[in-house]
Amino acid sequence: TQQDIVHHITLSGFRFAHSETTYLYEYEAPSLGDWTIHRGGVVYFEGAEDCIVEKCFFDAVGGNAIFLNNYNRRNIIYGNIITEAGESGICLVGSNHLSLGSSHAYPAENVISNNLIHDIGIFGKQTAGVFISISRDNIVSHNHIFNVPRAAICINDGTWGGHIIEYNDIHDTVRETGDHGPFNSWGRDRYWCLQQSHGPVSHGAGDVKKDAQKPVIIRNNRFRDHRGWGIDLDDGSSNYHVYNNLCIGISIKVREDSPP
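Residues numbered from 1 in each chain as written. Predicted model: local features only at pLDDT ≥ 70, side-chain atom pairs only at ≥ 80, totals over all residues. Heavy atoms only, no water.

Asks: I'm lost on unusual backbone geometry in this one. Help?
Replies: What you tend to see is this: most non-glycine residues have negative phi, and most peptide bonds are trans. The phi dihedral of E109 falls on the positive side, at around 65°, and the residue is not glycine. For E109, the position within the fold is in the loop between β13 (107-108) and β14 (111-113). (Helix = DSSP H or I, 4+ residues; strand = E, 2+ residues; numbered from the N terminus.)

Put into structure tokens, the structure is as follows:
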């Protein structure tokens, strides 16, 4: 926890294989995006600072491979191979109700880089190569993600922002679901309402930067696919700066024309 921190621990060169499935375990919705999750993983960090998971092989694990839960700072997930995971590859998930006052129960300033993630979501289909919710200021870079049932990278809400998504090679996504894209986000925060999507509009967009305080940068990625929405900025996603990406066979979707 935030009060009992572990730090400077490195896991390097391990093979994690054939762990128990978790798709019938307890799930929760961490925020207002569509996704629910099981808070668990083969490698599970909580209250960790400056730790590293590198060059490990996650071989057909039953649930999520790596899960950074609540308070985590400046951890590095680098150079791992994740294949045939039952659910998501790498998850960074905080808790809204534990993020008030002096409590900071969310991941921040972590780096997810140079990982190979493919053929995951064997049991859970609402899954991603990298899933982020109730978190800020993370870097997701130079990853190769393909053959996934839904998004390769998903940001489940507009909380704080500040993420950088760059130099990733993403293809063959949304293979078993629909209405999604290789990158997907939601902005269902305090100013969003369903009427903004389906009308009649009940109120203006409001000050979305109360939640999406920093821009999320999506740049220099290669997205190649022939299904889904491409870069899918869904349901009030706000304060995104998207530029210099190569999109092959896909589009960029902006829902509700959310303010930049």
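Asks: Could you clarify how one ought to interpret the side chain of D137 in this entry?
Replies: Note on placement: D137 falls in the loop between β16 (130-133) and β17 (139-141). Of note is the side chain of D137, whose polar atom sits 3.1 Å from the side chain of K214. (Polar contact = N/O pair within 3.5 Å; in protein donor to acceptor, adjacent residues only side chain to side chain.)

Asks: Just checking my understanding: could you explain a nonpolar patch on the surface for this structure?
Replies: Among the surface-exposed residues, Y23, L24, I122 and F123 lie close enough to one another that they form a single nonpolar patch of about 420 Å² accessible area. Note on placement: Y23 falls in the loop between β3 (15-17) and β4 (43-45). (Patch = residues over 30% accessible without salt bridge, like charges linked within 9 Å, V, L, I, M, F, W, Y side chains within 5 Å. Areas by Shrake-Rupley, 256 points an atom, 1.4 Å probe, with all protein chains shown as cover. Salt bridge = Lys/Arg side-chain N within 4 Å of Asp/Glu carboxyl O.)

Asks: So what exactly am I meant to see when it comes to the sheet that holds strand β21 (residues 169-171) here?
Replies: The strand order across the open sheet built from eight strands is β3-β7-β11-β15-β18-β21-β24-β27, with neighbouring strands paired in parallel fashion. Two strands lie at the open edges of the sheet, namely β3 and β27 (246-248), each paired on one side alone. Direction aside, the axes of adjacent strands within the sheet are offset by 5° on average. Two strands pair when backbone bridges link them, and strand β7 (residues 57-59) and strand β11 (residues 81-83) are joined in this way by three bridges, in the parallel orientation. Bridge assignment links F57 to a residue of β11, and that residue is I81. (Pairing = 2+ DSSP bridges. Axes fitted to C-alpha atoms, helices over the stretch in contact; angles between N-to-C directions.)

Asks: Could you clarify how one ought to interpret the packing of aromatic side chains in this entry?
Replies: A ring pair, where both rings are aromatic, is described by two values, the distance of the centres and the angle of the planes. Counted according to the given criterion, the structure contains seven aromatic pairs. Residues Y44 and F67 carry aromatic rings whose centres are separated by 6.0 Å and whose planes lie at 25° to one another, so their mutual orientation is stacked. Of this pair, Y44 sits in strand β4 while F67 sits in strand β8 (residues 66-69); the two residues are 23 residues apart in sequence, bridging distant segments of the chain. What makes Y44 partly exposed here is its relative accessible area of 36%. When its relative accessible area of 0% is taken as the criterion, F67 is described as buried. Put simply, the rings of F14, F16 and F58 pair up and form one aromatic cluster. Over the face of the ring belonging to Y106 we find R73, whose NZ or CZ atom lies 4.6 Å from the ring centre. (Phe/Tyr/Trp six-rings, centres within 6.5 Å; stacked < 30°, edge-to-face > 60°. Buried < 20%, exposed > 50% of the residue type's maximum accessible area, 1.4 Å probe, protein only. Lys NZ or Arg CZ within 6 Å of the ring centre and 35° of its normal.)

Asks: Explain the pattern of salt bridges to me, please; I cannot follow it from the model alone.
Replies: Once the charged atoms of two side chains with opposite charge are near each other, the side chains can pair. This model, assessed by the stated rule, comprises twelve salt bridges. Between R136 and D137 there is a salt bridge; the shortest N-O distance is 2.6 Å. Like R136, the residue D137 is buried in the burial classification. Among the ionic pairs, D172 bridges to R224, the shortest N-O distance being 3.9 Å. Of this pair, D172 sits in the loop between β21 and β22 (183-185) while R224 sits in strand β24 (residues 222-224); the two residues are 52 residues apart in sequence, bridging distant segments of the chain. A relative accessible area of 23% places D172 in the partly exposed class. One connected set of salt bridges, linked through shared partners, spans E109, R136, D137 and K214.

Asks: Is there a simple way to explain the nonpolar core in this structure?
Replies: For soluble globular proteins, the rule of thumb is that nonpolar side chains tend to be buried together. Counting 38 residues, the largest nonpolar core has F58, I66, I82, V130 and F183 as its most contacted members. Among the secondary structure elements, those contributing two or more residues to this core are β4, β8, β12 (90-93), β16, β19 (153-155), β23 (216-219) and β25 (231-233). One finds I37, F67, F131 and C154 within the second-largest nonpolar core, a separate group that totals ten residues. (Core = buried A, V, L, I, M, F, W, Y, C linked by side-chain atoms within 4.5 Å.)

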